[in-house]
Amino acid sequence: MKLPVFVLTQNNKLESHTLSIVFILIAALFLSITSGILAAYGDLYLLVMLLGIYGALFVLIVPSVWIVWLIFWSAFLIIGPSAYFIRFTQIQWLTVLISAALFLPVIFNLLSSRKNILSAQFSVNLFLPAAFIFLAILSSIINQSQLGDFVNASRHYFFMWSLLLVFAFGLVQADTFTKLWKALLIVAILQLPMALYQYFYVARQDARMSPWDAVIGTFQGNIDGGGDGASMSMMLLITIITSIALWRERQLKLNWMILVLISGIGTMVLAETKTMVMLLPVLMGIYYRKEFTKKPLETITVMIGAFLLMSTILTAYESVHYETSATFKSNSQINSVYDSIINAITPNPGEDSAHVSRVTLLVNWWNSNVVHGEVHSTVFGHGIGAVHSSKIQRGKIARLYEYKIAKTTSVILLWETGILGHLVFFLILLFGAKTSADTAKSEHVPATHRVLLRVGSVNLVMFLITLPYASFHLFSIPIQFLIMLMLGQALYWSNFIKSAKYLSVHK
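Each value, and the rule that gives it
- Residues numbered from 1 in each chain as written.
- Predicted model: local features only at pLDDT ≥ 70, side-chain atom pairs only at ≥ 80, totals over all residues.
- Heavy atoms only, no water.
- Helix = DSSP H or I, 4+ residues; strand = E, 2+ residues; numbered from the N terminus.
- Buried < 20%, exposed > 50% of the residue type's maximum accessible area, 1.4 Å probe, protein only.
- Contact = heavy atoms within 4.5 Å.
- Areas by Shrake-Rupley, 256 points an atom, 1.4 Å probe, with all protein chains shown as cover.
- Core = buried A, V, L, I, M, F, W, Y, C linked by side-chain atoms within 4.5 Å.
- Patch = residues over 30% accessible without salt bridge, like charges linked within 9 Å, V, L, I, M, F, W, Y side chains within 5 Å.
- Salt bridge = Lys/Arg side-chain N within 4 Å of Asp/Glu carboxyl O.
- Lys, Arg positive; Asp, Glu negative; His and termini not counted.
- Charge placed at Lys NZ, Arg CZ, Asp CG, Glu CD.
- Phe/Tyr/Trp six-rings, centres within 6.5 Å; stacked < 30°, edge-to-face > 60°.
- Lys NZ or Arg CZ within 6 Å of the ring centre and 35° of its normal.
- pLDDT = per-residue confidence, 0-100.
- Polar contact = N/O pair within 3.5 Å; in protein donor to acceptor, adjacent residues only side chain to side chain.
- Expected span 1.5 Å × (residues − 1).
- Axes fitted to C-alpha atoms, helices over the stretch in contact; angles between N-to-C directions.
- Parallel < 35°, antiparallel > 145°, perpendicular 65-115°, else oblique.
- Nonpolar A, V, L, I, M, F, W, Y, C, P; charged D, E, K, R; others polar.

## Considering the overall build of the protein
Inference 1: Along the backbone of the protein there are 21 helices and zero strands.
Inference 2: Across the 507 residues that make up the protein, the buried fraction comes to 52%.
Inference 3: The contacts of the protein with a sequence gap of at least 6 include a subset with a gap of at least 24, amounting to 76%.
Inference 4: Carbon together with sulfur atoms contributes 68% to the accessible area of the protein, which is approximately 23,800 Å² in total.

## A look at the environment of Ile 465
Inference 1: Within the fold, Ile 465 resides in helix H19 (residues 447-465).
Inference 2: Taking the C-alpha atoms as reference points, Ile 465 and Leu 279, separated by 186 residues in sequence, lie 9.3 Å from one another.
Inference 3: Contact partners of Ile 465, with chain neighbours within four places excluded, come to Leu 279, Val 282 and Ile 286.

## Observations regarding the nonpolar core
Inference 1: Phe 76, Tyr 157, Phe 463 and Phe 481 are the most contacted members of the largest nonpolar core, which has 145 residues in total.
Inference 2: It is helix H21 (residues 477-505) that provides the largest number of residues to this core, a total of 15 residues.
Inference 3: Filtering out sequence-adjacent residues up to four positions away, Phe 463 remains in contact with Met 234, Ile 238, Leu 429, Phe 472, His 473, Ile 479, Ile 483 and Met 486.

## A few points about a positive patch on the surface
Inference 1: A cluster of basic residues, Arg 289, Lys 290, Lys 294, Lys 295 and Lys 441, forms a positive patch at the surface.
Inference 2: The residue Arg 289 is located in the loop between helix H12 (274-287) and helix H13 (296-320) in this model.
Inference 3: The partly exposed category is assigned to Arg 289, whose relative accessible area is 44%.

## Side note on the packing of aromatic side chains
Inference 1: Taken as a whole, this structure holds 26 aromatic pairs when the rule is applied.
Inference 2: An angle of 75 degrees between the planes, with centres 5.6 Å apart, marks the rings of Trp 69 and Phe 72 as edge-to-face. With Trp 69 and Phe 72 both in helix H3 (residues 64-86), this residue pair falls three residues apart, about one helical turn.
Inference 3: By way of ring pairs, the aromatic residues Trp 69, Phe 72, Trp 73, Phe 76, Phe 167, Phe 177, Phe 219, Phe 481, Tyr 492, Trp 493 and Phe 496 are connected into one cluster.
Inference 4: When the ring centre of Tyr 287 is taken as origin, the NZ or CZ atom of Arg 454, which lies over that ring, is 4.3 Å away.

## Topic: the confidence of the model for the protein
Detailed reading of the predicted coordinates is not advisable wherever pLDDT falls low.
Inference 1: Overall, the predicted model of the protein reaches an average pLDDT of 81, with 77% of residues at or above 70.
Inference 2: Counted against residues more than four places away or in other chains, residues 1-16, with its pLDDT under 50, gives 32 contacts.
Inference 3: Note that residues 115-120 has pLDDT below 50 and, in this model, five contacts with residues that lie over four places away or in other chains.

## Points about the environment of Trp 181
Inference 1: Counting through the fold element by element, Trp 181 comes out in helix H9 (residues 175-203).
Inference 2: Owing to a relative accessible area of 1%, Trp 181 belongs among the buried residues under this scheme.
Inference 3: With 301 residues separating them along the chain, Trp 181 and Leu 482 place their C-alpha atoms 9.3 Å apart.
Inference 4: Excluding anything up to four places from it in sequence, Trp 181 contacts Ile 238, Thr 242, Leu 452, Val 455, Asn 459, Leu 485, Met 486 and Gln 489.
Inference 5: Side chain to side chain, Trp 181 and Gln 489 meet in a polar contact 3.1 Å long.

## Side note on the pattern of salt bridges
Inference 1: In total, this model carries four salt bridges according to the counting rule given.
Inference 2: A salt bridge links Lys 179 to Asp 175; its shortest N-O distance comes to 3.7 Å. Of this pair, Lys 179 and Asp 175 both sit in helix H9, separated by four residues, roughly a single helical turn.
Inference 3: Overall, the relative accessible area of 38% leaves Asp 175 in the partly exposed class.
Inference 4: With a shortest N-O distance of 3.0 Å, Glu 298 and Arg 248 are connected by a salt bridge.

## Digging into H19
Inference 1: The end-to-end C-alpha separation of H19 is 28 Å, in line with the 27 Å expected for 19 residues at 1.5 Å each.
Inference 2: Most of H19 sits inside the fold, with 14 of its 19 residues counted as buried.

## Let's talk about a nonpolar patch on the surface
Inference 1: On the surface, a cluster of nonpolar side chains totalling about 710 Å² of accessible area is made up of Val 124, Phe 127, Val 375, Val 379, Leu 420, Leu 423, Phe 426, Leu 430 and Phe 431.
Inference 2: Sorting elements by how many residues they give to the nonpolar patch places helix H18 (residues 409-439) first, with five residues.
Inference 3: Structurally, the position occupied by Leu 430 is in helix H18.

## Looking at unusual backbone geometry
Inference 1: Phi at Gln 144 is positive, roughly 50 degrees, even though this residue is not glycine.
Inference 2: With respect to the helices and strands, Gln 144 occurs in the loop between helix H6 (124-142) and helix H7 (147-157).
Inference 3: A relative accessible area of 71% means that Gln 144 is categorised as exposed.
Inference 4: One non-glycine residue, Arg 250, lies in the positive phi region at around 60 degrees.
Inference 5: In this structure, Arg 250 sits in the loop between helix H10 (229-248) and helix H11 (254-271).
Inference 6: Of the residues examined, Arg 250 reaches a relative accessible area of 79% and is grouped as exposed.

## A word on the side chain of Asp 149
Inference 1: By secondary structure assignment, the location of Asp 149 is in helix H7.
Inference 2: Buried and without a salt bridge, Asp 149 has Arg 399 as its closest oppositely charged side chain, separated by 5.1 Å.
Inference 3: In this view, Asp 149 contacts Ile 384, Gly 385, Gln 393, Arg 394, Gly 395 and Lys 396; residues no more than four positions away in its chain are not counted.

## Comments concerning the packing of H6 against H18
Inference 1: Relative to each other, H6 and H18 sit at 170 degrees, their axes nearing to 9 Å. With respect to each other, H6 and H18 are oriented roughly antiparallel. Packed against H6, whose contacting residues are Val 124, Asn 125, Leu 128, Pro 129, Ala 131, Phe 132, Leu 135, Ala 136 and Ser 139, the element H18 presents Leu 413, Glu 416, Thr 417, Leu 420, Gly 421, Val 424, Phe 425, Leu 427, Ile 428, Phe 431, Gly 432 and Thr 435 at the interface.
Inference 2: A per-class count over the contact of H6 with H18 returns 14 nonpolar, six polar and one charged.

In structure tokens:
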């Protein structure tokens, strides 16, 4: 397929390659000499700075697609098990900083392209992320946020957006999208053996109130505490609908689709993620919403199957989890799935334990800001990092509460960036979903990519729905990667279509 003129490539002329090699050799020589000098003096901070320079140079030299794959495998298969088994949580910073370094090839490619940087297709899908980053920084400045809070929260707000630009501006080939999605199906299959180990050898031998929290697959968590089960389940829902969509369009073999379904459903049964399971019929309903008039029998059958599957999984939680946990039954008033769901949606403003409901967290924000007439903090928030907690410090708002309040993305954004920041983030997902859905209708886009664009649109709507439920939009590197992939592919093919139409008119 012939790519349109907007796509930025890394194929330069022979002269450019020669100049690049000469530059790299000179830079390597300079850094080698500087490293020796700094090592002799033993200045730790300068050595760390030098490592940062080495990392930036590495990102500039290595093809962007290699960096993307490095981030992918690190996000889905490395940082999670490293934190779970050996408590090496700092490795997530490496992934985030590599993502931040990806801004460099984006800038260099924009500046080195023959077209002026201002002539690129900058749409609302790029304006909104820029506005979100601007508002996050502005909120921190006007609130005079502590530097530690800002740095701690920066990994959640800023650095992963480089992936969106890499995908949108075509620094990787279009077939990379397909490969990433199919690699994600492999990741989903790998969750089941990991979940089986965690359920039988970790959770079953745990005396905690909710030992099933230890079942998180390859996602980040603590073997002695909770984990990122919601992110894992969200990823599994995404892969389930993706495998079904690809199979329906004959882009995936039946046995692979069945394997993904079995792995996804089996893992969710072991992990006990009620809300994500309840979203299964919603996900199917959104995907099949336009199929009802064309294939009503198939649509009705799928929806009935989705509801039955949801009911079966929720019922299985009773025997797989609740009835096998003596500690849970003897010390908790929640003895069923129904009780757990009701407790999650019931406001309990007087409760000060770790089990404060998500509705209560929203009520607390409303009472502390809107009811008290705090216009400034209601609109702009208290600055990023205000509700964040780490091993070394807690944000200024987090210190006011005995329990964790950074449980959902909506709560985090409302406290830290205000209504304005939350609205912009909402619009990023909304316009991304619309662009992806519109682009999926174009005949200029290959069939496989039309399927992935439609799946991406459905999944972005799911991310909208889960804003008040989970915090994985900001706190989970794998989920952030998927969001950037969906937004990036939508913008890439949107620009592709515009360029293709422009070329056809001016032939």
